[in-house]
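So the chains spell out like this:
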Amino acid sequence: MTEASQVLPAYSQPFLQNAIRELTSSGPLTEITPEWAWGGSTGQGVKVAIVDTGVDYDHPAVGGQVYGGVNIEWDESYKEKLRFEQVDRPSDLAGHGTACAGIIHQIAPQAQIFSVRVLGTNMGGRAYQFAAGVDWAVQNGMDVVNLSLSTAKNDYFAMFHAITDEAYFKNIMLVSAASNFDEPSFPSLYSSVFSVASHAGKDPFTYYYNPTPPVEFGAPGIDLRVAWKGGGYVISTGNSFAAPHIAGIVTLIRAKHRELTPFQIKSVLWACAANVRKEAPAS
Amino acid sequence: MVTPDGNTDHELAEELLQLVQSLAAAGHSILPQTPDTLLKSIVEAAARIFRAAAASIMLVDEAEGMLEFKVAYGASDRDLVGTRIPINQGIAGYVAMSGQPIAVSDVAQDTRFNQAFAKSTGYVPRSILATPLISGERVIGVMEVLDKIDAPSFGMQDMELLGIFARQAALAIDQSQSLDNLETALLAGLHRLAVSDPDHPSPHLQEILNKNMQGMGQNAMLKLADLLTEFGRMGDEERDVALKVLSAFAEYNQNRRRFSAGVMK
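Fair warning: this is a prediction, and the values are worked out from it, not measured in the lab. (Residues numbered from 1 in each chain as written. Chains lettered and ligands numbered in written order. Predicted model: local features only at pLDDT ≥ 70, side-chain atom pairs only at ≥ 80, totals over all residues. Heavy atoms only, no water.)

Please set out the overall build of chain A residue by residue, giving values where relevant.
Within chain A, the regular secondary structure consists of six helices and 13 strands. Rg of the C-alpha trace for chain A: 18 Å, near the compact-globule value of 19 Å for 283 residues, within the 12% margin. C-alpha atoms of chain A, sized along the principal axes, occupy 70 × 45 × 40 Å. Buried residues in chain A amount to 60% of all 283 residues. Long-range contacts, defined here as pairs at least 24 residues apart, represent 72% of the contacts in chain A between residues at least 6 apart. Surface accessibility of chain A: about 10,500 Å² in total, with carbon and sulfur atoms responsible for 51%. Of note, chain A has its 19 positive side-chain charges centred 2 Å away from the centre of its 26 negative side-chain charges. (Helix = DSSP H or I, 4+ residues; strand = E, 2+ residues; numbered from the N terminus. Rg over C-alpha atoms; globule rule 2.2 N^0.38 Å. Buried < 20%, exposed > 50% of the residue type's maximum accessible area, 1.4 Å probe, protein only. Contact = heavy atoms within 4.5 Å. Areas by Shrake-Rupley, 256 points an atom, 1.4 Å probe, with all protein chains shown as cover. Lys, Arg positive; Asp, Glu negative; His and termini not counted. Charge placed at Lys NZ, Arg CZ, Asp CG, Glu CD.)

Just give me the short version of empty space enclosed by the protein, but keep the residues and values in it.
Evaluated as defined, the whole model comprises three cavities of 30 Å³ or more. Within this model, the second largest cavity holds a volume of roughly 50 Å³. Lining the second largest cavity are Ser148(A), Leu149(A), Ser150(A), Ala177(A), Ala178(A), Ser179(A), Asn180(A), Ser240(A) and Gln100(B). Partitioned by chemical class, the residues of the lining of the second largest cavity number three nonpolar, six polar and no charged. (1 Å grid on protein atoms, 1.4 Å probe; cavity = no way out; pocket = protein on both sides within 12 Å on 5 of 7 lines; lining within 4 Å. Points joined across faces, edges and corners; volume = space filled by probe spheres on them. Nonpolar A, V, L, I, M, F, W, Y, C, P; charged D, E, K, R; others polar.)

Mind laying out the sheet that holds strand 4 (residues 82–87) of chain A, listing which residues take part and the relevant values?
Residue and element names in this part refer to chain A. On the basis of which strands lie adjacent, the open sheet formed by nine strands has the order 4-3-5-2-6-7-8-10-9 and mixed pairing. Either end of the sheet is taken by a strand with one partner, and the two such strands are strand 4 and strand 9 (208–209). Across four bridges, strand 3 (residues 66–74) lies against strand 5 (residues 112–117) in parallel orientation. Each bridged residue has a counterpart across the sheet, and for Val66 the counterpart in strand 5 is Ile113. (Pairing = 2+ DSSP bridges.)

Any chance you could break down the environment of Gln264(A) for me, citing the residues and the numbers?
All names here are of chain A. Topologically, Gln264 is positioned in helix 6 (residues 262–272). Assessed through its relative accessible area of 31%, Gln264 is described here as partly exposed. Polar side-chain contacts of Gln264 include one of 2.9 Å to the backbone nitrogen of Thr261. (Polar contact = N/O pair within 3.5 Å; in protein donor to acceptor, adjacent residues only side chain to side chain.)

Just give me the short version of the confidence of the model for chain A, but keep the residues and values in it.
On average, residues of chain A score 91 in pLDDT, and 95% of them reach the 70 mark or higher. Under a pLDDT of 50 for its full length, residues 1–8 of chain A has, in the predicted model, 15 contacts with residues more than four places off or in other chains. (pLDDT = per-residue confidence, 0-100.)

Before we move on, could you go through the side chain of Asp61(B) and cite the residues and values that matter?
Here Asp61(B) is to be found in strand 1 (residues 52–61). Leave out the neighbours within four places in its chain, and Asp61(B) touches Met66(B) and Arg84(B).

An account of the packing of helix 5 (residues 239–256) of chain A against helix 6 of chain A is needed here, citing residue identities and associated values.
Residues and elements named next belong to chain A. Put simply, helix 5 and helix 6 touch, their axes get as near as 11 Å, and they point 110° apart. Judged by the angle between their axes, helix 5 and helix 6 are roughly perpendicular. With respect to the hand of their crossing, helix 5 and helix 6 are arranged in right-handed fashion. When helix 5 is examined against helix 6, the residues Ile246, Ile249, Val250, Ile253 and Arg254 are found in contact with a partner set consisting of Ile265, Val268 and Leu269. (Axes fitted to C-alpha atoms, helices over the stretch in contact; angles between N-to-C directions. Parallel < 35°, antiparallel > 145°, perpendicular 65-115°, else oblique. Left-handed = near helix turned anticlockwise from the far one by under 90°.)

Pulling in residues and values, what's your account of the pattern of salt bridges?
All names here are of chain B. With the rule as written, the count across this model stands at 15 salt bridges over all chains. A salt bridge links Glu44 to Arg48; its shortest N-O distance comes to 3.5 Å. With Glu44 and Arg48 both in helix 2 (residues 36–49), this residue pair falls four residues apart, about one helical turn. On the accessibility criterion, Arg48 (57% relative accessible area) is exposed. (Salt bridge = Lys/Arg side-chain N within 4 Å of Asp/Glu carboxyl O.)

Could you give me a rundown of the sheet that holds strand 1 of chain B, with the residues and numbers involved?
Strands sit in the order 11(A)-12(A)-4(B)-5(B)-6(B)-1(B)-2(B)-3(B) across an open sheet of eight strands; the sheet is antiparallel. Both edges of this open sheet fall to strand 11 (224–227) of chain A together with strand 3 (84–86) of chain B, since each of them pairs with a single strand only. Pairs of neighbouring strands in the sheet enclose a mean axial angle of 30°, with direction left out of account. Two elements, strand 12 (residues 233–237) of chain A and strand 4 (residues 102–105) of chain B, share three bridges in a ladder whose sense is antiparallel. Note on strand 4 of chain B: the bridge partner recorded for Thr237(A) is Ala103(B).

Residues and numbers for the environment of Ser25(A), please.
For Ser25(A), the position within the fold is in strand 1 (residues 23–25). A C-alpha to C-alpha distance of 9.5 Å links Ser25(A) and Cys272(A), two positions 247 residues apart in sequence.

Account for the pairing of strand 10 (residues 217–220) of chain A, naming residues and giving values.
Each regular strand shows side chains that alternate between the opposite faces of the sheet. Alignment of strand 8 (residues 194–199) of chain A against strand 10 of chain A, held across four bridges, turns out to be parallel. Paired with Val196(A) across the two strands is Phe217(A), which belongs to strand 10 of chain A.

This is the structure in structure tokens:
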């Protein structure tokens, strides 16, 4: 079976080797290069929230860059049904959040990482915990937020739309993994977020722009060695791991160019994507 | 509006909402009665389709915060069925918590990764693909296929396919459960819930249950269950509207009875 005839997740389909479309950048946009965009940047001074299963603060893959965070639990005995617990030394329930944090740290080693734990045993309030986590990041001065999770339930469309728009207008970069299933999920399909699916490459700085959205960027997400719970590593696959690659690069750009807004950073990413060929400006 | 015993509409709506929410959880806790033959055929088919050495289905026990192995097929030297693991741990736990699939390989290289549990089963897998079983919006279980026979790991295409497969499996589990256990489960669940929470007593529903539900036929129960499930899936606003409609009907019904009984002449 050839690669083209394989059944692949819909959202990663545009990033198959032979499906990637070559695009052309022209005029002043050709002056935007990776060197200009993030050359020399380490992510210093940028706060990155990982909204996930938590982050193990002492995992070697995060290099001591975890500065705290919050655990958000669904608790019916509370008035708002959500319980917030600030944590100085966060931990990960499963390993997934640490995997995402490790990828971002690898790309932006001096970024400050914050763990926003929104997954837990109570699944009844999952979407509300998730939304509260994004909101916490927005209200607590985070610059970049990695969202390697989503909800497929239409009822939450408006709630997440409002939260992500608020983030967008506050210049907070939300980076959201597309669903691994062939189904719409939120907030990954909103234009206010950086939506990411997987390509099969391994170089952390090689990513592609998809000219036929909703999913705009393709980054490494297949068979990657990622940090896991308990100080170890596993090989894992999923769009969950593509998103933090883009989050890491966005962190670098943000650190170097503090003034850029989400749509400007998207334009920078577009100009530096591996499938965007630069034509020399006409003389 | 105040009902004859002094309860307001709002209180009745709250009471009903509380029960409906709890019912969704109770409904899933009756899954142990799901016919094992169905689940067995599902995991066997999954193992064959994905060329996996082993496969299993765990079902969520939300009240206990656990995942329980319901069926296991293939390479394991011990019967896993009945074994329970905390819902917030490990690969299966991540899948249950997030509702997203994940593929992991080289599991054995990580010294602390689920090793205690894996070793206790006598089987440490090399590669795992785990996907949620979803009914409506709720994760009712996790299906895993272990150790791809002809490759070091499961790929994105396996993930996509197992997702489609799991959707059908969850539907089958759900329907089988609905048809087999609907009446007893609903009655038992509603009765239990109506008396179980001292902070939210449900005198209305207890009374209604005692009077009206005993003689209900299977079809009526099925419709009611569908409605209740639908309630569970609604957003707050829609649910409020639905509850208002129900309350209005209840009021209409009470008034009608009063009319026919000659109370309100």
